[in-house]
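Survey of secondary and tertiary structure
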Amino acid sequence: MDLINELKLMREVMWSNPGYMGFKDYCDTIPVTEDDVRDAEARLKRFAPYISKVFPEVVDGIIESPISYIPNMREWLVEYSGGPVPGLLYLKRDDLLNIAGSIKARGGIYEVLKHAETLAIKGGLLSEEDDYSVLDSDPFREFFGRHTIQVGSTGNLGLSIGIMSACLGFKVIVHMSSDARAWKKAMLRSKGVTVVEYPYDYSIAVEEGRKNSDLDPLSHFVDDENSKDLFLGYAVGGVRVKAQLDSMGIVIDEEHPLAVYLPCGVGGGPGGVAYGLKLVYGDNVHCYFAEPTHSPCMLLGLATGKHDQIAVEDIGLDNKTEADGLAVGRPSSFVGRIMEHLLSGAFTIDDKRLFQYLKALYEREGIFIEPSATAGFSGPIFTRDQYKGKEPVQLVWATGGSLVPQEERKFFLNK
Ligand SMILES: *Cc1c(COP(=O)(O)O)cnc(C)c1O
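Residues numbered from 1 in each chain as written. Predicted model: local features only at pLDDT ≥ 70, side-chain atom pairs only at ≥ 80, totals over all residues. Heavy atoms only, no water.

1. Some points on the overall build of the chain
In terms of helices and strands, the chain carries 15 helices and 11 strands. In summary, the chain has a C-alpha radius of gyration of 20 Å against a globular reference of 22 Å for 415 residues, a match within 12%. In terms of overall dimensions, the chain has a C-alpha envelope of 60 × 45 × 45 Å along the principal axes. In the chain, which comprises 415 residues, the proportion classed as buried is 61%. Within the chain, counting contacts between residues at least 6 apart in sequence, those at least 24 apart form 76% of the total. Total accessible area on the chain stands at roughly 15,800 Å², and carbon and sulfur atoms take up 49% of it. (Helix = DSSP H or I, 4+ residues; strand = E, 2+ residues; numbered from the N terminus. Rg over C-alpha atoms; globule rule 2.2 N^0.38 Å. Buried < 20%, exposed > 50% of the residue type's maximum accessible area, 1.4 Å probe, protein only. Contact = heavy atoms within 4.5 Å. Areas by Shrake-Rupley, 256 points an atom, 1.4 Å probe, with all protein chains shown as cover.)

Structure, rendered in structure tokens:
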């Protein structure tokens, strides 16, 4: 297969999904529904009084990020690529999401809240009609303190799960892969989270975390490779885009399709967002995943149809990238199967280019995001010929960055 050869050689590729279908033709065949997403949305509303009490910086207790118009970056992309970038360019600012500073504030925090609610209701301490700000009290913290939450992570998921769980009073163990940044581990430890480090990659951290958690009946494992709850938390983010664009006066229709470029690791974040977007925009939204040339796990799983039965190491890749949030060698099969007909395409990006985008965005728009979060910027270049005669709205999903320390920022900007 030609594509696999290109991937082996670590060339940047654009893959158009031959399995792409109209949303209505397959949405009933996938293991999540619109009702599941609406249920997640309602649960996050129930928690809003609690969130605004313990994190007063979160407006109305709803963790959400703005969309920025970035015309200067669009101009830069035109100069940089020597060709047109059709339509208008926007940036989804998940780098600014409260509490966790990344897209993981969507799925990770949602799953922890749902688990807490389930335990508290079962324990007879809470009902759905209550004001959830009561969770910020000693009886609840003592109750949750008998339970443990565990997760395996390259860094950002650990941050979001760790911070939220510790705040509710849970014991938390985060199993970190070798590529996790030192400052992320330090921040978690400062909040009383137990961080276990492994000299191996993400898959091993997840496997060890899962094993450890299974030994303890009072432990819940947040399974990044397989969690419907994580997926639903992310999907709410996709659904909410519509109200946001509506309020900005941006109409999405056949003549003005929405093209969205999402950095992909194991797949839950971008997959959930893409599903939420499809629910509100149907066939007028086109979703693309971006992955490092060293870790194109989702593209490999989708293009071969093998999903989690193939890893990037199987084709000789090293899964080593500066995009730590994307350093995943084996994709989620749960997400991959949902993406089979949903995804318009996927592309790979060289690490060098991540830093070029990072610097350009900082210089042209004054916005700093982390290396992983810049991966989507190749999207409008790769897809430029697909929107001829249309006025697409191009949305690059910036997935993280606001918690990155100053020293680390300087280092990235000089790379
Ligand atoms: C986790 C992460 C992603 C990708 O999310 P997955 O669910 O792993 O696919 C993208 N960008 C950043 C910054 C992340 O932390």
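Past the structure itself, the notes keep going.
2. Here's the deal with the domain arrangement of the chain
One can read the domain layout of the chain as domain 1 (3-100 + 229-414) and domain 2 (104-224). Using only C-alpha atoms to locate each centre, domain 1 and domain 2 end up separated by 24 Å. The interface of domain 1 with domain 2 comprises 43 residues on the first partner and 37 residues on the second. Summed over both partners, the interface of domain 1 with domain 2 buries about 3,700 Å², with 61% contributed by carbon and sulfur atoms. Linking domain 1 with domain 2 are 12 salt bridges. Between K114 and D229 there is a salt bridge, and its shortest N-O distance comes to 3.2 Å. If you look at where domain 1 meets domain 2, you find 15 residue pairs in polar contact (both at pLDDT 80 or more). (Domains from an automatic or database assignment. Buried area = accessible area lost by both parts, 1.4 Å probe. Salt bridge = Lys/Arg side-chain N within 4 Å of Asp/Glu carboxyl O. Polar contact = N/O pair within 3.5 Å; in protein donor to acceptor, adjacent residues only side chain to side chain.)

3. Quick notes on the site of the ligand
Near the ligand lie 15 residues; those nearest to it are K104, N156, G267, G269 and T399. Within the side chain of T399, an N or O atom sits 2.7 Å from a nitrogen atom of the ligand. The fraction of the free accessible surface of the ligand (370 Å²) that becomes covered by protein chains is 98%. The element best represented in the shell around the ligand is helix α10 (residues 268-281), accounting for 3 residues. Per-class residue counts for the shell around the ligand are 5 nonpolar, 8 polar and 2 charged. (Near = heavy atom within 4 Å. Nonpolar A, V, L, I, M, F, W, Y, C, P; charged D, E, K, R; others polar.)

4. Quick look at the state of the cysteines
Applying the stated criterion across every chain, the model contains 0 disulfides. For C27, which is in no disulfide, the shortest distance to another cysteine sulfur is to C287 and amounts to 14 Å. C297 supplies the cysteine sulfur nearest to C264, a cysteine that is in no disulfide, at a spacing of 5.8 Å. (Disulfide = S-S within 2.5 Å.)

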